[in-house]
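If you want the building blocks of each chain, they are given just below.
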Amino acid sequence: MNLTHNQIRALELLKTVAEFLEEDTGQLDWQELSALGWRDPVELLLSLVAPAVRLDLSELESTEWLQSAFEDIVYCCLQELVIAVREKHQRALDGWLHLQDTLTKYMLDPGINAEVLHWLLHSITEMGLVPTEEFLAADRVWQTKIFESRIEQVDYHASQDVLSDTLQEMLIDYGIENEYEVYELFFNQLTHLPTSVGEEMIASFLEADNPILHEAAVLFLLHPQEEIRSIVLHLFELGFYAKRLSSRSLRRLITIRNWLQASERRRLDLVVKRLRKMGIGCESSVVADGVSVEKVVASSIDGAGAQTIVTVFKEGEMYRLAGSVFKERFGVIDTWVTTLTERSECENIIARIDNEVFTIDVTPSYIELLLPHFIAINVESGHGISPDVLRWVELLGIECWQPQALNESALIRTWRAKYADKLTDSYVDKRQKNSAKWLGNERFTQGWFEQNDVTTATLGKVLDALRLGENDLPLEQYLCQTLMEPVRDKWLSRFVILTLWAQHCTEKSNIEIEDFLVLALALDEKKQIFDIPLMVAIASDSLANFVNKDDMDDTDLDSGSHVIDADMDASEYTITVAQEVAIENFLVSNTVPENTYNFHKIHGLMYATICAPQLPLPSEWLQVAFAGTLPSEDDPLWNEQLKTLFKYYNNIMIAADAGDSFIPCDLNIEQQGYGYIPLAEWCEGLISGVECTGGLAVWEVSMQEKDREYFKNLLKDAESLARYDGLPFTKKNLPDLNIIDDLLGFMDFMAGKRIRHNFNSTV
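Residues numbered from 1 in each chain as written. Predicted model: local features only at pLDDT ≥ 70, side-chain atom pairs only at ≥ 80, totals over all residues. Heavy atoms only, no water.

Points about the overall build of the protein chain
(1) Moving on: Looking only at helices and strands, the protein chain has 35 helices and five strands in total.
(2) Moving on: Looking at the protein chain as a whole, 51% of its 763 residues are labelled buried.
(3) Moving on: Partitioning the intrachain contacts of the protein chain with sequence separation of at least 6 by distance along the chain shows that 75% fall at a separation of at least 24.
(4) Moving on: Surface accessibility of the protein chain: about 35400 Å² in total, with carbon and sulfur atoms responsible for 49%. (Helix = DSSP H or I, 4+ residues; strand = E, 2+ residues; numbered from the N terminus. Buried < 20%, exposed > 50% of the residue type's maximum accessible area, 1.4 Å probe, protein only. Contact = heavy atoms within 4.5 Å. Areas by Shrake-Rupley, 256 points an atom, 1.4 Å probe, with all protein chains shown as cover.)

Quick look at the environment of Val 53
(1) Moving on: Among the structural elements, Val 53 can be located in the loop between helix H3 (41-52) and helix H4 (66-86).
(2) Moving on: Along the sequence, Val 53 and Asn 113 sit 60 residues apart, while their C-alpha atoms lie 4.6 Å from each other.
(3) Moving on: Not counting the four nearest positions on each side in its chain, Val 53 is found in contact with Tyr 106, Gly 111, Ile 112, Asn 113 and Val 116.

Focus: the pattern of salt bridges
(1) Moving on: Scanning the model with the defined rule gives 28 salt bridges in all.
(2) Moving on: Residues Glu 283 and Arg 248 are paired through a salt bridge, measuring 3.3 Å at the closest nitrogen-oxygen approach. Of the two residues, Glu 283 is situated in the loop between helix H16 (262-277) and strand S1 (291-299) and Arg 248 in helix H15 (residues 247-257); the sequence distance between them amounts to 35 residues.
(3) Moving on: Given the relative accessible area of 19%, Glu 283 is considered buried.
(4) Moving on: Asp 429 is the partner of Lys 433 in a salt bridge, and the nearest nitrogen-oxygen pair spans 3.3 Å. A residue pair is termed a helical-turn pair when its members lie 3 or 4 positions apart in one helix, as Lys 433 and Asp 429 do in helix H21 (residues 425-435) at four residues.
(5) Moving on: Note on Asp 429: relative accessible area 36%, which makes it partly exposed. (Salt bridge = Lys/Arg side-chain N within 4 Å of Asp/Glu carboxyl O.)

Section: the side chain of Ser 300
(1) Moving on: Within the secondary structure, Ser 300 is located in the loop between S1 and strand S2 (306-315).
(2) Moving on: Polar side-chain contacts of Ser 300 include one of 2.8 Å to the backbone oxygen of Phe 444. (Polar contact = N/O pair within 3.5 Å; in protein donor to acceptor, adjacent residues only side chain to side chain.)

A look at the nonpolar core
(1) Moving on: Of all hydrophobic cores here, the largest spans 120 residues; its most connected members are Phe 236, Leu 253, Phe 495, Trp 501 and Met 535.
(2) Moving on: What Phe 236 contacts, discounting residues up to four positions off in sequence, is Leu 206, Ala 217, Val 218, Leu 221, Ala 242, Leu 245, Leu 253 and Val 271.
(3) Moving on: Core analysis: the next-biggest nonpolar cluster, separate from the first, contains 51 residues, Ile 583, Trp 638, Leu 715 and Ala 722 among them. (Core = buried A, V, L, I, M, F, W, Y, C linked by side-chain atoms within 4.5 Å.)

Notes on H16
(1) Moving on: For H16, built from 16 residues, the straight-helix expectation of 22 Å at 1.5 Å per residue is met to within 8% by its first-to-last C-alpha distance of 23 Å.
(2) Moving on: Within H16, burial applies to Glu 264, Leu 268, Val 271, Val 272 and Leu 275. For H16, the arc enclosing every buried residue in end-on projection is 100 degrees, short of the 170-degree limit, so these residues lie on one face. Facing away from the buried side of H16 by more than 90 degrees, the exposed set consists of Arg 266, Leu 270, Lys 273 and Lys 277.
(3) Moving on: Looking at the packing, one finds that the buried side of H16 touches helix H13 (226-236), helix H14 (239-242) and H15. (Expected span 1.5 Å × (residues − 1). Arc of directions from axis to C-beta.)

Regarding the packing of aromatic side chains
(1) Moving on: This structure, assessed with the given rule, holds 31 aromatic pairs.
(2) Moving on: Considering the side-chain rings of Trp 438 and Trp 448, the 6.3 Å spacing of their centres and the 65 degrees angle between planes classify their relative orientation as edge-to-face. One end of the pair, Trp 438, is in helix H22 (residues 438-441); the other, Trp 448, is in the loop between H22 and helix H23 (453-467), with ten residues separating them in the sequence. Of the two residues examined, Trp 438 and Trp 448, each falls in the buried class. (Phe/Tyr/Trp six-rings, centres within 6.5 Å; stacked < 30°, edge-to-face > 60°.)

Examining a negative patch on the surface
(1) Moving on: Together, Asp 165, Glu 169, Asp 173 and Asp 209 line one region of the surface with negative charge.
(2) Moving on: Position of Asp 173 relative to the elements: it lies in helix H9 (residues 160-173).
(3) Moving on: With a relative accessible area of 66%, Asp 173 lands in the exposed category. (Patch = residues over 30% accessible without salt bridge, like charges linked within 9 Å, V, L, I, M, F, W, Y side chains within 5 Å. Lys, Arg positive; Asp, Glu negative; His and termini not counted. Charge placed at Lys NZ, Arg CZ, Asp CG, Glu CD.)

Concerning the packing of H3 against helix H5 (residues 90-107)
(1) Moving on: Relative to each other, H3 and H5 sit at 15 degrees, their axes nearing to 10 Å. Our classification of the angle between H3 and H5 gives roughly parallel. H3 and H5 meet at a crossing whose hand is right-handed. Here H3 contributes Val 42, Leu 45, Leu 46, Val 49 and Ala 50 to the contact with H5, which in turn contributes Gly 95, Trp 96, His 98, Leu 99, Thr 102 and Tyr 106. (Axes fitted to C-alpha atoms, helices over the stretch in contact; angles between N-to-C directions. Parallel < 35°, antiparallel > 145°, perpendicular 65-115°, else oblique. Left-handed = near helix turned anticlockwise from the far one by under 90°.)

A word on the pairing of strand S4 (residues 331-337)
(1) Moving on: Within S4, five of the seven residues are buried, leaving the element largely enclosed by the surrounding structure.
(2) Moving on: Joining the antiparallel neighbours strand S3 (residues 318-327) and S4 is a turn of three residues, in which Arg 329 adopts a positive phi near 75 degrees. (Pairing = 2+ DSSP bridges.)

Considering empty space enclosed by the protein
(1) Moving on: Applying the stated criterion across every chain, the model contains one cavity of 30 Å³ or more.
(2) Moving on: By volume, the largest cavity is sized at about 40 Å³.
(3) Moving on: Lining the largest cavity we find Leu 121, Ile 124, Thr 125, Pro 131, Phe 135, Leu 136, Asp 139 and His 192.
(4) Moving on: Residue assignment for the lining of the largest cavity shows that the elements contributing at least two residues are helix H6 (114-127) and helix H7 (133-146).
(5) Moving on: Across the lining of the largest cavity, the residue classes tally to five nonpolar, two polar and one charged. (1 Å grid on protein atoms, 1.4 Å probe; cavity = no way out; pocket = protein on both sides within 12 Å on 5 of 7 lines; lining within 4 Å. Points joined across faces, edges and corners; volume = space filled by probe spheres on them. Nonpolar A, V, L, I, M, F, W, Y, C, P; charged D, E, K, R; others polar.)

A word on unusual backbone geometry
Trans peptide bonds make up the majority, and among non-glycine residues the majority have a negative phi.
(1) Moving on: With a phi close to 50 degrees, Asp 334 is a non-glycine residue in the positive phi region.
(2) Moving on: The topology assignment puts Asp 334 in strand S4.
(3) Moving on: Phi angles above zero are rare outside glycine, and Ala 627 is one such case at about 55 degrees.
(4) Moving on: With respect to the helices, strands and loops of the structure, Ala 627 is situated in the loop between helix H30 (618-625) and helix H31 (636-657).
(5) Moving on: Using a relative accessible area of 37% as the deciding quantity, one classes Ala 627 as partly exposed.

Overview of the pairing of S1
(1) Moving on: Where S1 meets S2, seven bridges bridge the pair, whose relative direction is antiparallel. Of the residues in S2, the one forming a bridge with Ser 292 is Lys 314.
(2) Moving on: In sequence, S1 turns back onto S2 through a hairpin of six residues, with Gly 305 there showing a positive phi of about 80 degrees.
(3) Moving on: Relative to strand S5 (residues 359-361), S1 runs antiparallel, the two sharing three bridges. Residue Ala 298 lies in a different strand from S5, and its bridge partner there is Ile 360.

What follows is the structure, encoded as structure tokens:
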């Protein structure tokens with residue numbers, strides 16, 4: 001099969017990761033994939049999946065670790081996508097829709113590798129990505145058609161005895177020991193199969209003799225899909241199935257009741273009332289004998305408002321880990337519980353977590369204090385709570401939870417009174433000044449800067465105001481008032497929780513209650529945000545991060561400003577297929593001057609100007625592209641195509657800033673024929689871009705000496721490709737096309753270097 005350039009790169013990455021796994025270098029994460037040249041998880045995922053769904057991975061020459069490498073890369077991509085989708089980053093939301101559209105097309109392809117696609121669909125739901133109704137409907141039709149024989153493996157219409165025996169055999173075959181493992185086994189099937197099958201499946205659990213299956217039916221009240229939860233409630237409302245529930249079931253229903261939405265709570269209340277009338281008692285004991293909490297570790301809160309908490313449990317002579325993430329605006333997410341293992345294995349896992357995020361040992365009461373708060377956020381946000389949260393609660397020995405948000409005002413009043421003698425003006429001032437140094441010196445401030453779509457829009461306005469001289473305030477004051485004041489309450493809540501975190505610390509560390517308390521008090525007292533040193537530092541880091549990632553050009557030909565209006569919708573700089581065809585046709589039409597650059601040539605030209613040591617005005621490179629004569633400004637067709645051209649320019653700049661530049665054509669030059677050679681045209685445009693921005697001499701001035709010869713050689717190779725005459729290369733004279741990747745990498749570095757220099761000069 002013919003592969004695109006990105007698909008070839010993805011398969012090479014697959015082999016590289018397989019070698020890493022074979023050498024046992026540790027768990028793969030997205031940062032490592034990003035360091036290997038990938039910036040967008042959806043792009044990598046689709047580049048890898050496209051060949052995988054059409055061939056058997058065993059056909060590739062690699063190691064026995066290939067399958068594990070494939071799974072690890074997919075999980076890394078999905079995990080990164082989940083995080084960005086939760087934060088509602090527009091690029092991720094668009095990518096998630098694109099991924100669903102692509103997978104839907106695969107479902108219609110009879111030649112697809114169904115096993116790979118099936119595994120991928122199940123991995124997506126395991127990660128917690130919420131599909132559109134259209135995608136889920138298509139998925140269920142495909143799953144039913146492809147795996148019809150598996151659906152019929154258990155005859156849900158069989159006699160109760162036969163059904164019970166069949167399900168019991170399945171539990172033995174899969175080594176199922178408890179109801180939580182039953183949930184994990186059938187969770188995806190209920191997600192992807194028609195609801196009628198799902199209802200029969202859950203009913204079969206309640207009809208079976210095994211009590212583990214009865215308890216599993218209760219857990220499906222926490223399934224992320226509302227229609228599944230409704231099926232379970234409907235069955236519990238029927239007396240025939242309700243009588244199959246136990247005193248443990250009743251206790252769990254009472255606990256789960258507080259975690260559901262209002263309409264579901266009302267239905268469940270009636271079920272609980274009915275069970276009590278049936279004489280079913282409520283189990284009083286939560287924790288099994290011999291289970292105790294050995295250790296609790298809690299991370300700091302990162303820049304996205306997430307805190308990781310992990311608990312070590314001792315059960316007899318064995319140990320178990322349970323952990324979760326408490327995240328502002330979402331609640332309790334990503335909860336997990338391990339199987340029983342050795343103490344050393346638990347310690348190794350905690351050590352790996354501590355390497356990734358800063359953690360301290362805390363008392364178990366810290367969880368008991370925060371869990372009701374974040375469960376309340378779950379209920380408010382609608383972000384579902386998984387059965388693993390219930391399991392964690394039971395291991396902790398908590399009888400029942402009523403969601404209850406922290407009373408921040410009451411906590412602050414208590415602390416203010418308790419530490420009144422200590423919190424003198426000089427003491428507070430010293431603590432606040434010291435906090436400004438945290439971002440560069442302390443691990444617990446990892447990611448402490450603002451980064452989301454709202455921040456992008458806000459900082460775009462800030463930079464425009466600075467460059468156009470529309471602001472009379474000092475930079476720090478203007479930045480803090482514009483960026484940090486609207487999120488004052490968010491940071492206040494973070495420092496309240498961090499104060500509690502320090503208060504419940506069980507180990508000697510440099511973490512002190514007063515460090516965070518003075519910040520919480522300052523924010524609560526409405527102190528000017530720019531008078532709080534840490535807020536100024538966070539604002540500055542946020543601006544620096546934004547400039548390094550999102551510096552983009554506008555459509556003013558003679559303007560020095562290079563930032564898209566922050567109020568622009570995403571469609572303002574997104575290229576449609578129709579626009580792409582239109583601009584390509586326009587560039588070769590009679591409307592433009594003779595010798596105007598074609599699409600690939602102008603792409604290479606724009607890329608070079610974007611990466612140049614000094615960013616030229618748009619009018620300068622447009623003169624080169626249009627042979628020295630621009631069409632009339634009164635021409636509506638020219639004005640329309642100019643907008644599209646600048647969208648391309650902005651997209652190229654975004655990619656260069658992110659270190660993710662691309663060539664808009666196949667790099668397999670042997671297959672580009674005897675006529676038009678896109679790669680050669682792109683290289684020719686790139687060379688002209690270097691020349692129109694001062695030539696090699698100007699570019700070399702901005703480089704270190706060791707890089708000058710390297711860049712000169714890369715340009716020579718690009719010039720050789722630009723002179724390609726269309727005759728097929730032989731094996732002897734076929735150029736090493738890796739030079740294109742090397743060239744992109746180096747020029748992206750040049751672009752980032754210039755942006756950072758310009759930012760520092762502005763500040």
